[in-house]
Amino acid sequence: MMDDDDQVIFYPNQGVDPHNRCCGGSMWCIQDICGIICAIFTWLLILYAEFVVTFVTLLPCPYPIFQFVNMVIFQMFAFLAMASHLRTMFTDPGAVPKGNATKEMIQNLGLREGQVIYKCPKCCCIKPSRAHHCSVCQRCIRKMDHHCPWVNNCVGEKNQKFFVLFTLYIAAMSIHALYLCISQFVWCLHSEWKQCSWYTPPATVVFLIFLGFEALLFAIFTMVMFATQLQAICSDETGIEQLKKEEARWMKKSKWKSLQAVFGRVSITWLSPFSQPAPKIKVDNYLQV
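Residues numbered from 1 in each chain as written. Predicted model: local features only at pLDDT ≥ 70, side-chain atom pairs only at ≥ 80, totals over all residues. Heavy atoms only, no water.

This is how it is decided: UniProt positions are given in the numbering used here, feature names are shortened, and annotations may be inferred rather than shown by experiment.
For the chain, an unreviewed UniProt entry supplies the name Palmitoyltransferase and the organism Sipha flava. Per UniProt, the chain carries the Catalytic activity (unreviewed entry) text "L-cysteinyl-[protein] + hexadecanoyl-CoA = S-hexadecanoyl-L-cysteinyl-[protein] + CoA".

Okay, here's the thing in structure tokens:
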């Protein structure tokens, strides 16, 4: 027996599902025009911040120590932010293969009499508990939090860590850029404008104003997103579950266990977009893509 509102218990192993993948199926990629434009716009904003910080504020600076320290800090934040964005964008968020809810597949599950499972009527898949269907990705996503156009991907079970790091490093990068803008204005006001910048005074002012506005806007936005994500992780309840006010049918983990489920064991790798926690799956033959 199968019903759209019942729970999946066991899942058979599957091969790689080619949907939403590129490079011969080796890389996850959502082919959504709006999301791709938003992602490219994000990269351009980062590049603009790189240009202004490097060529307007730091390189013309006559203080080598100040110049070196702030260059290292800003470039580190920029590199980690970009890496986190790319990992979020090109990592499978936990998609369930489409069209696997066939009669043969259900029979192979070996369900007991009276045992029921979820089925998604939109992508016709055997639907795990806490999975939700994304209309943009056209897939059911395990522990889907939300679909973010800025990363052209869903934030789900497998890439939430990278999204949290992306918001953290963009916030840190924005705050640092705002500090450098203010420092540059103060320096230019107390010296000759021609000495504090390689560009004309009007051009310098325009560059700094636009960077300051961008930095302030994204600092506020990403800090709010970072806090929202941490709250969702610690409460063991995704954003979409909170929005729909779904009754918890799962055993909620403690705040510490929930953090470890996303970031792994406590170590420096919590801050690294290049490491992914090993999945802790207790059910054998869990659905793979």
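Still to come is the rest of the account.
**Let's talk about the environment of Arg87**
The condition is simple: Secondary structure is summarised from DSSP: a helix means a run of H or I of at least four residues, a strand means a run of E of at least two, and numbering begins at the N terminus for each. Working rule for contacts: check all heavy atoms of both residues, and any pair within 4.5 Å makes them a contact. Within 3.5 Å is the distance limit for a polar contact, defined as a pair of N or O atoms, with the added protein rule that one can donate a hydrogen and the other accept it, and that residues adjacent in sequence qualify only through two side-chain atoms.
Secondary-structure assignment places Arg87 in helix H2 (residues 64-90). For Arg87 and Trp28, which are 59 residues apart along the polypeptide, the C-alpha to C-alpha distance reads 10.0 Å. If sequence neighbours within four positions are ignored, Arg87 has contacts with Phe162, Pro273, Phe274, Ser275 and Gln276. Separated by 2.8 Å, the side chain of Arg87 and the backbone oxygen of Pro273 make a polar contact.

**Here's the deal with the UniProt feature "transmembrane region" (unreviewed entry) in the chain**
Mapped onto the present numbering, the UniProt feature "transmembrane region" (unreviewed entry) falls on residues 36-59, 65-83, 162-187 and 207-227. Segment residues 65-83 splits into 100% helix and 0% strand. End C-alpha atoms: 27 Å apart. Along residues 162-187, the helical share is 100% and the strand share 0%, with 37 Å between the first and last C-alpha atoms.

**Topic: the sheet that holds strand E3 (residues 95-96)**
Note on sheets: strands pair through backbone hydrogen bonds, and any given pair is parallel or antiparallel. Rule in force here: A pair of strands is labelled paired if DSSP reports no fewer than 2 bridges between them.
Spatial ordering of the open sheet is given by E3-E7-E6, a layout of three strands whose pairing is antiparallel. Looking at the sheet topology across the chains shown, the edges are occupied by E3 and strand E6 (131-134). Summarising the sheet, E6 and strand E7 (residues 139-142) pair through four bridges and their orientation is antiparallel. What sits directly across from Cys134, in E7, is Arg139.

**Remarks on the state of the cysteines**
Here is the rule: In plain terms, two cysteine sulfur atoms within 2.5 Å form what is called a disulfide here. Burial classification: accessible surface area is computed with a 1.4 Å probe over protein chains only, and a residue below 20% of its type maximum counts as buried, one above 50% as exposed, and the rest as partly exposed.
Using the criterion set out here, one finds zero disulfides in the structure. Summary of cysteine pairing: Cys148 is not part of a disulfide, and the nearest cysteine sulfur, belonging to Cys38, is at 8.3 Å. Given a relative accessible area of 7%, Cys148 falls into the buried group.

**A closer look at a nonpolar patch on the surface**
Selection criterion: Like-charged residues are merged into a patch within 9 Å and nonpolar side chains (Val, Leu, Ile, Met, Phe, Trp, Tyr) within 5 Å, provided each residue has over 30% relative accessible area and no salt bridge. The accessible surface values rely on the Shrake-Rupley method and a 1.4 Å probe; as for residues, cover is taken only from the protein chains in view. Here a salt bridge means any side-chain nitrogen of Lys or Arg lying within 4 Å of a carboxyl oxygen belonging to Asp or Glu.
Residues Ile33, Ile36, Ile37, Ile40, Phe41, Leu44 and Leu47 make up a contiguous nonpolar surface patch of roughly 670 Å² in combined accessible area. Looking at the secondary structure, you find Ile40 in helix H1 (residues 33-58). Residue classification places Ile40 among the partly exposed residues on the basis of a relative accessible area of 39%.

**Some words on the packing of helix H6 (residues 201-234) against helix H8 (residues 255-263)**
Heads up, the rule is: Each axis is a line fitted through C-alpha atoms, and for a helix only the stretch in contact is used; angles between axes span 0 to 180 degrees, taken between their N-to-C directions. Here is the rule for angles: anything less than 35 degrees is roughly parallel, anything more than 145 is roughly antiparallel, 65 through 115 is roughly perpendicular, and the remaining ranges are oblique. When residues are sorted by character, Ala, Val, Leu, Ile, Met, Phe, Trp, Tyr, Cys and Pro go into the nonpolar class, Asp, Glu, Lys and Arg into the charged class, and all the rest, Gly among them, into the polar class.
At a minimum axis distance of 8 Å, the contact between H6 and H8 shows a crossing angle of 115 degrees. If you check the angle between H6 and H8, you find them roughly perpendicular. Residues Leu230, Ile233 and Cys234 of H6 touch H8, and the partners they reach there are Lys255, Ser258, Leu259, Val262 and Phe263. Across the contact of H6 with H8, the residue classes break down as six nonpolar, one polar and one charged.

**A look at the environment of Gln160**
With respect to the helices, strands and loops of the structure, Gln160 is situated in helix H4 (residues 160-189). On the basis of relative accessible area, Gln160 is assigned to the buried category, the value being 10%.

**Thoughts on the side chain of Thr54**
Locating Thr54 in the fold gives a position in helix H1. In contact with Thr54, not counting residues within four places along its chain, are Leu59, Pro60, Met71 and Gln75.

**A look at the packing of H1 against H2**
For the pair H1 and H2, the least separation of the axes is 11 Å and the interaxial angle reads 175 degrees. In terms of orientation, H1 and H2 fall into the roughly antiparallel class. Here H1 contributes Ala39, Thr42, Trp43, Ile46, Ala49, Glu50, Val53, Thr54 and Leu58 to the contact with H2, which in turn contributes Phe66, Gln67, Asn70, Met71, Phe74, Gln75, Ala78, Met82, His85, Leu86 and Met89.

**Focus on the nonpolar core**
The tendency in soluble globular proteins is for nonpolar side chains to be buried as a group. For clarity, the cut-off: The term nonpolar core refers to a set of buried residues drawn from Ala, Val, Leu, Ile, Met, Phe, Trp, Tyr and Cys, joined through side-chain atoms within 4.5 Å.
Core analysis: the largest hydrophobic core is formed by 30 residues, its most contacted members being Val53, Phe163, Met173 and Leu211. The set of elements that each furnish at least two residues to this core consists of H1, H2, H4 and H6. Per element, the largest residue contribution to this core is 10 residues, and it comes from H4. Ala95, Cys134, Ile141 and Ile240 belong to the second-largest nonpolar core, a separate cluster that totals nine residues.

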